[in-house]
Each structure stands twice: as C-alpha cells, then as structure tokens.
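Inside the fold
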Amino acid sequence: MSNSNNRKYVIGMIGLGTMGRNLLLNMADHGFSVSGFDLDPKKAAQLEKEGARNEVKGFTTIKDFVESLKSPRTIMMLVPAGKIVDSVIEELLPLIDQGDIIIDAGNSHFIDTNRRVESLESKGYHFFGMGISGGEEGARRGPSMMPGGDKVAYKVVKPILEAISAKVNGESCVTYIGPGASGHFVKMVHNGIEYGLMQLIAETYEVLRKGLKINNEAIHQVFKDWNEGKLQSYLLEITRDIFAFKDKETGKLLVDLIKDQAKAKGTGKWTSQVAMDLMLSIPVIDTAVSMRDLSRYKELRTCVAAVYSKEELKGLQSEDQQVFIAKLEEAFYFSMIITYAQGMHLLMQASEEYGYELNLAEIAKIWRGGCIIRAHFLDTIYNAFQEQPNLSHLLLDSKVESLIQESLSDTRSIISKAIEQGIAVPAYAASLSYFDALRSESMPDNLIQAQRDFFGAHTYERIGSEGSHHTNWEENN
C-alpha cells in the first residue's frame, strides 16, 4: 500500500498487532491523522478497514510509511522487546532525519532502553521509552501510559497521549515519568506488582476450592462481592467474569479446561532481578515469579503428588463459611497493600539510584485508570505520597497503618489455617513475613554476620563501635 495521495500524517505506528492497531484507531478517533506499517498486508488492510471513518492509512513498505509522515516525524513502535526493536531502529535510521522522534512503546527492558537513549541522542534523534498498560481494550478506549526520557520529544506528543489516555475524574492517566529509561522502569515495576496480585488471587482461588471446597458458582460470587467493596480492582473484576464464562463446545466453565501451567514474558523476572541488584526486598513479587516457574513442571508435580498426596486434605468445612470468607477478604486486602508497598518502595530506591526523580504520587495517580493494576486502593497510595512526597515507605502512612492494623489478625488466622491444611499460600505467607520482618527493630542477622566472619573472615560491625571487626572464633575451642 502506497501513499498515492501524498497526504502527510501526524504520527505513525510500526507494528499493527492488536495493541498497535488499537492505539492508532484510538488516536484517529480523537482527530489525529495516523499511518501504520506492518509487513503483513492483512494487518495493514485491517487498520484501514476499522479506521475507514477517520484519516488512517496502512503501509507494507517502510519507506512509503516514513515518507507519509509530517516533518519532524513522530514514529511509535509496538513490537516485541529485544533484538526486534534494535533491528527496526536500524532499518529506520537511513530513512529519517535528525530531530525526528522515535518512541518505543513496547515492554522493553529498561537496560536496553538506556543503551538506545544514549546511542540515538548521540546521533541527533529524539528517543524515549513508554510503558503502556491496559491490554487490547485499554489501547482502544484509553490506556495508562508511562513515558520517560527525552522531555522535548514528550512535549511534542503530549497532546496526543493526553487525548487518548484513560481518564479518572477528568484527569488523564499519563504523565512525564522522568529521564532516561524511567518510563520502561516504572512499567516493569507495574508488571511486577501485577504478578504479585495475580498470584494472590490464584491462591485465594486455591483456598476457596481446596479449603472451603465450594463450587465455581460460589467462587464467582465471592469475587463479585469483593469487587463491589474496598477491594474493587480490574483484576478482581476480570476474575469474577472468568468464573462465569462457559466454553461453547462443552458447556463447562472454561477456566476448568485450561492447563495449570502459567507462562510469562519476563517483566516479573526483571523486577525481581533489579530489586536484588538494589538490595531491596520484594518477596511477594519474587514468590509470584517463582510459582509461575514451578507451575511449568507439571509432570514432576504429578509424580510428587502421587507420592505425597495420598492423604486427602480435610478442608475447612468446620469453619463458618461466611465468617471465613470475610477473614479471607481481610487477608487479601492486607497482602494486596503489602504488594503495592513493595513496588512503590522499589520505585523510590531506583529513583534515587538512577536519578529518575520519580513522583510517586503522580505514578499512583495515572495507575488509577486504564492499567491492569488499577484499583480503588490506588487513591490511598496517591493521597499518601501527595501529602508526604518523601515518605520512605507506604506502611508509614497513617491511613495505611490503620488499614494494616484492622486486617492483621485475620491475615494471621487465614494463613495459619491454610498451612495447617496443606494448602499452598506462598504469596500470602511472604506478605506477612515481610511485614513481620520489617516491623522488627531487631532482626536475627547479627548471627548471620557472626557466621560469615567465622567461616570466611568477612568481618562484622559491632554495636557502639566504629569500623569493621574480625574475631578468631576458634580461640574458645
């Protein structure tokens, strides 16, 4: 498809998969002329068909696509992370001019984005990375967007991004995140939080079906009720709907026909890796990544189950069902708060380490609409950091403290009963253990330091004394 009418478009998109196409159609609906490029002619044709009422054009040759754009050109990419991004950029460079803008809107690793920022800026091009959350529906109707990097370039596309973003109380769910790869970093942490929340919901499902032994219809009702209260969130909303969706072929609930082997694209792992690099604890997210990995070993799990699951779990039928579910709701709320708190703490530390100058209140604000982790609780997070921008940890906010105190007893009860019954709740347990360790003024790590010095002469710091110390621990033997 060529640009036979020589029309010039405001912004172009490379990659017309579900996200790229829907984002372009969203822009077109808001009055912006757009063009898209994809090697697949069917995708280019689909873009034009769905955008027929607006100024939309699809291309299958990169040169025609580039020439269709107004100068200075604004080109957005929505292609798989990794080498493909680099290859697209290499193909673009001979066709564009200095001063043109390239936006990587995929889920690129922030380390790769750092490298691309330095390389492209040195050649005179504007480049920034932008995280987008909201899936297919968000792209089409209003996502949450996290652009970071070249501020001059951001200002050029700011009117477009604000127009197409999700809105909460009339405010756009997009803001300039910060310099460098900050946009992709924040999106990575968003996805890490997403991993944690999804694991908590999965464990809740496990407790309900294996502990209370209630059917799918009752589980649907639990998630429906929770989503109408303080736990209101997008993830609970879709979980509610999953437990009402029947397979057309069998008439059974589709969720029961899906293999229990979870896949991942890497952003959760990246979150855990960078947290370890920064020496910061995010055990709920780490656990979520680990349990997805464990789920892949279906054959091994089946073998181990045959050996160790001969005794049927008694379940929790002796519990008053409604009382137990109410306690479980509190335990989920507690663990959800801890998950968000760990993510926000990671953002805070990364901002200091990498010079991102992140505004945590603004980040919480744009996560309230459009994105996968949107939830009523984000209003509380926004208020906490709006009132205290330098708040060192979300758990130190007075409102959050009261919420934690209210749910703590029920959390301990639920986790202990699940463990007694042999029901795996690792993310729940990780959230509680993290809290108990964090609130410990005195941790047992003095012993670890003594052990390290004993076997490796790694030294230790002594209370009331400056500097490092080493002891010959075998003197007493």
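Residues numbered from 1 in each chain as written. Predicted model: local features only at pLDDT ≥ 70, side-chain atom pairs only at ≥ 80, totals over all residues. Heavy atoms only, no water.

Concerning helix 17 (residues 398–420)
For clarity, the threshold we go by: Numbering goes from the N terminus for both helices and strands, where a helix is a DSSP run of H or I of at least four residues and a strand is a run of E of at least two. Given a helix with a known number of residues, its expected span is that number minus one, times 1.5 Å. Whether a residue is buried, partly exposed or exposed follows from its accessible area with a 1.4 Å probe, protein chains only, as a fraction of its type maximum: under 20%, in between, or over 50%, in that order. Here, residues are in contact when the closest pair of their heavy atoms is within 4.5 Å. The definition of a polar contact used here is a pair of N or O atoms within 3.5 Å, where within protein one atom must be able to donate a hydrogen and the other to accept one, and adjacent residues in sequence count solely through side-chain atom pairs.
The end-to-end C-alpha distance of helix 17 is 33 Å, a good match for the 33 Å that 23 residues give at a rise of 1.5 Å each. Residues of helix 17 that are buried include every one of Val400, Leu403, Ile404, Ser407, Leu408, Asp410, Thr411, Ser413, Ile414, Ile415, Lys417 and Ala418, and no others. At its buried positions, helix 17 is contacted by helix 14 (321–354), helix 16 (377–387) and helix 18 (426–438). Its side-chain oxygen placed 3.1 Å from the backbone nitrogen of Lys399, Asp397 serves as the N-cap of helix 17. Gly422, located one to two residues past helix 17, shows a positive phi value of around 75°.

Details of the pairing of strand 4 (residues 74–77)
To keep things clear, this is the line we draw: Strands were regarded as paired on the criterion that DSSP finds at least two bridges between them. A clockwise course of the path from the first strand over the helix to the second, judged with the strands pointing away from the viewer, identifies a crossover as right-handed.
Neither face of strand 4 is left uncovered, since the one carrying Thr74 and Met76 and the one carrying Ile75 and Met77 both have all their residues buried. By the bridge criterion, three bridges tie strand 1 (residues 11–14) to strand 4 in an arrangement that is parallel. Within strand 4, the residue paired with Gly12 across the bridge is Ile75. Where strand 4 and strand 5 (residues 101–104) come together, four bridges link them in parallel fashion. Residue pairing in the sheet places Thr74 in a bridge with Ile101 of strand 5. Following the backbone out of strand 4, through helix 4 (residues 83–92) and into the adjacent parallel strand 5, one traces a crossover that is right-handed.

As for the packing of aromatic side chains
When we look at a pair of aromatic rings, we describe it by the centre distance and by the angle of the planes. Worth spelling out the cut-off: Pairing of aromatic rings covers Phe, Tyr and the six-membered ring of Trp, with a centre-to-centre limit of 6.5 Å; geometry is then stacked below 30 degrees between planes, edge-to-face above 60, and tilted otherwise. In this analysis the charged atom, NZ for Lys or CZ for Arg, is taken to sit over a ring once it is within 6 Å of the ring centre and within 35 degrees of the ring normal.
Counted under the stated rule, the structure contains 17 aromatic pairs. Centre to centre, the rings of Phe223 and Trp226 are 6.0 Å apart; their planes meet at 85°, and the pair counts as edge-to-face. One end of the pair, Phe223, and the other, Trp226, are both in helix 9 (residues 216–227), three residues apart, so they sit about a helical turn from each other. Given a relative accessible area of 2%, Trp226 falls into the buried group. Feature note: the residues Tyr205, Phe223, Trp226, Phe243 and Phe332 constitute an aromatic cluster, connected by ring pairs. Geometry around Tyr205 places Arg209 over its ring, the cationic atom sitting 4.6 Å from the centre.

Considering the sheet that holds strand 1
In plain terms, the rule: A fitted line through C-alpha atoms serves as each axis, taken over the contacting stretch for helices, and the angle formed by two N-to-C directions is quoted from 0 to 180°.
Taken together, the seven strands give an open sheet; going across it, the order is 3-2-1-4-5-6-7, and neighbouring strands pair in mixed fashion. Edge positions in the sheet fall to strand 3 (56–59) and strand 7 (144–149), since each of these pairs with one other strand and no more. Averaged over all neighbouring strand pairs, the angle between strand axes comes to 25°, with direction disregarded. Against the sheet, helix 5 (residues 110–122) makes contact with strand 5 and strand 6 (126–133), and its axis sits at roughly 155° relative to strand 6, the strand it touches most. In the packing of helix 7 (residues 151–164) onto the sheet, contacts are made with strand 1, strand 4, strand 5, strand 6 and strand 7, and the angle to strand 6 comes to roughly 30°.

Observations regarding the state of the cysteines
Convention followed: Cysteine sulfur atoms are paired as a disulfide whenever they come within 2.5 Å of each other.
Evaluation of the coordinates by the stated rule reveals zero disulfides. Cys173 forms no disulfide, and the closest cysteine sulfur to it belongs to Cys371, at a distance of 7.6 Å. Exposure remark for Cys173: the relative accessible area of 1% places this residue in the buried category.

Observations concerning the nonpolar core
For clarity, the cut-off: What makes a nonpolar core is a set of buried Ala, Val, Leu, Ile, Met, Phe, Trp, Tyr and Cys residues whose side-chain atoms join them at distances within 4.5 Å.
Of all hydrophobic cores here, the largest spans 92 residues; its most connected members are Tyr340, Leu347, Trp367 and Phe377. Setting aside its immediate chain neighbours within four residues, Leu347 contacts Phe185, Val186, Val189, Leu358, Leu360, Ile363 and Trp367. Counting residues in each nonpolar core, the second largest holds 30 residues, with Leu23, Val56, Ala105 and Ile160 among its members.

Details of the environment of Gly180
Tracing the chain through its elements places Gly180 in the loop between strand 9 (171–172) and helix 8 (182–211). Taking the relative accessible area as the measure of exposure, Gly180 reaches 23% and is therefore partly exposed.

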